[in-house]
Amino acid sequence: MEIDPTKMYVVSVMPCIAKKFEKTREEMKNDSLKNVDAVITTRELARMIKQANIDFKSLENSEFDDPMGEATGAGAIFGTTGGVMEAALRTAYEWVTGKELEKLNFEEIRGKDGIKKATIQMGDKEIKVAVAHGLANAQTILEEIKVGKADYQFVEIMACPGGCIMGGGQPIVSSKTRNETDVRAARATALYKIDEQSAIRKSHENPAIKKLYEEFLEKPGSYRAHKYLHTTYKKREKYKK
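Residues numbered from 1 in each chain as written. Predicted model: local features only at pLDDT ≥ 70, side-chain atom pairs only at ≥ 80, totals over all residues. Heavy atoms only, no water.

A. Fine view of the overall build of the chain. Scanning the chain from terminus to terminus reveals 9 helices and 7 strands. The C-alpha radius of gyration computed for the chain amounts to 20 Å, which stays within 12% of the reference 18 Å derived for 241 residues, consistent with globular compactness. With the principal axes as the frame, the chain shows a C-alpha extent of 55 × 50 × 45 Å. Restricting the contact set of the chain to residue pairs at least 6 apart, pairs at least 24 apart contribute 59%. Averaging the positions of the 40 positive and the 36 negative side-chain charges in the chain gives two centres separated by 8 Å. (Helix = DSSP H or I, 4+ residues; strand = E, 2+ residues; numbered from the N terminus. Rg over C-alpha atoms; globule rule 2.2 N^0.38 Å. Contact = heavy atoms within 4.5 Å. Lys, Arg positive; Asp, Glu negative; His and termini not counted. Charge placed at Lys NZ, Arg CZ, Asp CG, Glu CD.)

As structure tokens, then:
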């Protein structure tokens, strides 16, 4: 777009407080410029909206700007436990088999259970998967892998119970509402509804993503795609008071 990167200020709105730390990591820079300049939580944004006296109900609907505004149903369900894996499986199935996936919903990895395991049939291949949310459940899966009891080809772990919908930066629900409504289930249902009503429900069919690969990233797994889209982790010492 021929915009000077030094004149861009990027703000991410996230349900996750940990993103405030993540933006400071060394690999989150290109040519010494931060990929993200500031992170605010959804709760902080809601507070700003209230302080500015913006009435959302009176606003007219409009489309988000390109290229980041194009979204898919698969992207919507990222926020709930199992959603990232389900989105990836929709794409992986079609790439592995070369056939169109007729049934897009993977019920085996949906729901409240802290650990969900399934075997997904992709043509003549069986893909063993596991989903965990909540750190105690994550530790259970990691221990299985560590001692060699597991044979998973794909694992999804989310730190917050229920996934990002229950992130530390999300709106705080009053005790009365919490007693009357299963907030976690209600938020997950809302995301699945968005997915069901989306015109495009597979990540790899997103026009903006297709264009990004055609014009810049070349192809999935390319050197450039790996450089800009992948990350690495290192062991960190536990925080000591």
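B. Geometry of helix 5 (residues 135–146). Look at helix 5: 16 Å from first C-alpha to last across 12 residues, which is about the 16 Å you get at 1.5 Å a residue. Lining the buried residues of helix 5 we find strand 5 (115–122), strand 6 (125–133) and strand 7 (154–158). Taken from the residues just after helix 5, Gly148 is the one with a positive phi, measuring 80°. (Expected span 1.5 Å × (residues − 1).)

C. Geometry of the nonpolar core. By size, the foremost hydrophobic cluster in this structure holds 13 residues, and its most contacted members are Met85, Leu89, Phe106, Ile109, Ile120, Met122 and Val129. For this core, the secondary structure elements donating two or more residues are helix 4 (83–97), strand 5 and strand 6. Sequence-distant contacts of Val129, that is, excluding residues within four places in its chain, are made with Met85, Ile109, Lys116, Lys117, Ala118, Ile120, Tyr152 and Phe154. (Core = buried A, V, L, I, M, F, W, Y, C linked by side-chain atoms within 4.5 Å. Buried < 20%, exposed > 50% of the residue type's maximum accessible area, 1.4 Å probe, protein only.)

D. Just unusual backbone geometry, in detail. Its identity is not glycine, yet Ser32 carries a phi of approximately 70°, on the positive side. Ser32 sits in the exposed class, given a relative accessible area of 65%. Backbone geometry places Asn53, a non-glycine residue, at a positive phi of 55°.

E. A look at the side chain of Lys202. Tracing the backbone shows Lys202 in the loop between helix 7 (183–197) and helix 8 (207–217). Exposure remark for Lys202: the relative accessible area of 4% places this residue in the buried category. Reaching out from Lys202, the side chain makes a polar contact with the side chain of Glu94 at a distance of 2.5 Å. Filtering out sequence-adjacent residues up to four positions away, Lys202 remains in contact with Thr72, Ala74, Glu94, Glu100, Leu101 and Leu104. (Polar contact = N/O pair within 3.5 Å; in protein donor to acceptor, adjacent residues only side chain to side chain.)

F. Examining the side chain of Lys116 more closely. Structurally, Lys116 is set in strand 5. Within the buried core, Lys116 has no salt-bridge partner, and the shortest N-O distance to an opposite charge, that of Asp113, equals 6.7 Å. A distance of 3.2 Å separates a polar side-chain atom of Lys116 from the backbone oxygen of Gly111. Among the polar contacts listed, one links the side chain of Lys116 to the backbone oxygen of Asp113, at a separation of 3.1 Å. Setting aside chain neighbours within four positions, we find Lys116 in contact with Thr81, Glu108, Ile109, Arg110, Gly111, Val129, Ala130, Val131 and His133. (Salt bridge = Lys/Arg side-chain N within 4 Å of Asp/Glu carboxyl O.)

Without other data, these values stay purely geometric and don't point to any function.
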